[in-house]
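Observations on chain architecture
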Amino acid sequence: MAVIVALGAFLMTLAGGWTAQRVTDRRHLVLGLAGGLMLGVVGLDLLPEALEAAGTEVFGVPAALLLFVAGFLLAHLVERLLAHRQASHGAAEHNGRSPEVGLTAAAAMVGHSAMDGVAIGAAFQVGGGMGTAVALAVIAHDFADGFNTYTITSLYGNDRRRALAMLFADAAAPVVGAASTAFVHIPEPLLGAYLGFFAGALLYLAAAEILPEAHHEHPARSTVLCTIAGVAFIWLVVGLAE
């Protein structure tokens, strides 16, 4: 059942990526929406789950928040190092951005989607009701995952072939994750740590890259409204899942 439900996440992820590539003439609106979706996922979904799952504190600070900060800093460090390497070798960049950063970010999205599948499988092991609730939440926000995966990969100068490859990997990841629950059990503290770390990296991309790019050429009110709409959508998804 978990794998069958995860196929819905597969289709929803592809739908999100298809939407992202069909609206190139409104790129600033796409980026504004993507930034809002990412911000909503971090603040309203990933961090609460991470804090609840990780539980423990390190020197008075929740472990999930420490890893959240670590993820943010690592994303910043990786981007700077890759950009410096590109510049030192005289390689062409896309608007000063290194394509490897986009691929790294998309790979992190794939990992997150795999954990979504694991969450579906684990929930169905607890009971059908919980499995259905988790599955609905995952399927709904996998549209945002597909949208963001394609957008992030393309934004950093990767061609359409690479962007589509990462999109299909992201779509398949929940199915693989759900299937793995028949063989592997992930301890809840480790899952919380991963979610916190991923949330930090995702917030860096949204706040330092996606949203500034959205307003670079088109500082329009409609872009801000798209960002707010993205956050509101994630809020609605999280609320319906509770």
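Structure first, text after, so check above.
First, a word on scope: everything that follows refers to the structure included in this document. (Residues numbered from 1 in each chain as written. Predicted model: local features only at pLDDT ≥ 70, side-chain atom pairs only at ≥ 80, totals over all residues. Heavy atoms only, no water.)

A word on the overall build of the chain
Regarding its fold elements, the chain presents eight helices and two strands. Walking the chain from its N terminus toward its C terminus, one meets helices and strands in the order α-α-β-β-α-α-α-α-α-α. Looking at the chain as a whole, 45% of its 242 residues are labelled buried. Here the contacts in the chain between residues at least 6 apart in sequence split such that 82% fall between residues at least 24 apart. Surface exposure of the chain reaches about 11700 Å², of which carbon and sulfur atoms provide 70%. (Helix = DSSP H or I, 4+ residues; strand = E, 2+ residues; numbered from the N terminus. Buried < 20%, exposed > 50% of the residue type's maximum accessible area, 1.4 Å probe, protein only. Contact = heavy atoms within 4.5 Å. Areas by Shrake-Rupley, 256 points an atom, 1.4 Å probe, with all protein chains shown as cover.)

A word on the packing of aromatic side chains
Under the definition given, this model contains one aromatic pair. A centroid spacing of 5.2 Å and a plane angle of 85° characterise the contact between phenylalanine 72 and tyrosine 204, whose relative ring orientation is edge-to-face. Taken together, the residues span a long stretch of sequence, with phenylalanine 72 in helix 3 (residues 63-88) and tyrosine 204 in helix 7 (residues 188-216) at a distance of 132 residues. When its relative accessible area of 28% is taken as the criterion, phenylalanine 72 is described as partly exposed. (Phe/Tyr/Trp six-rings, centres within 6.5 Å; stacked < 30°, edge-to-face > 60°.)

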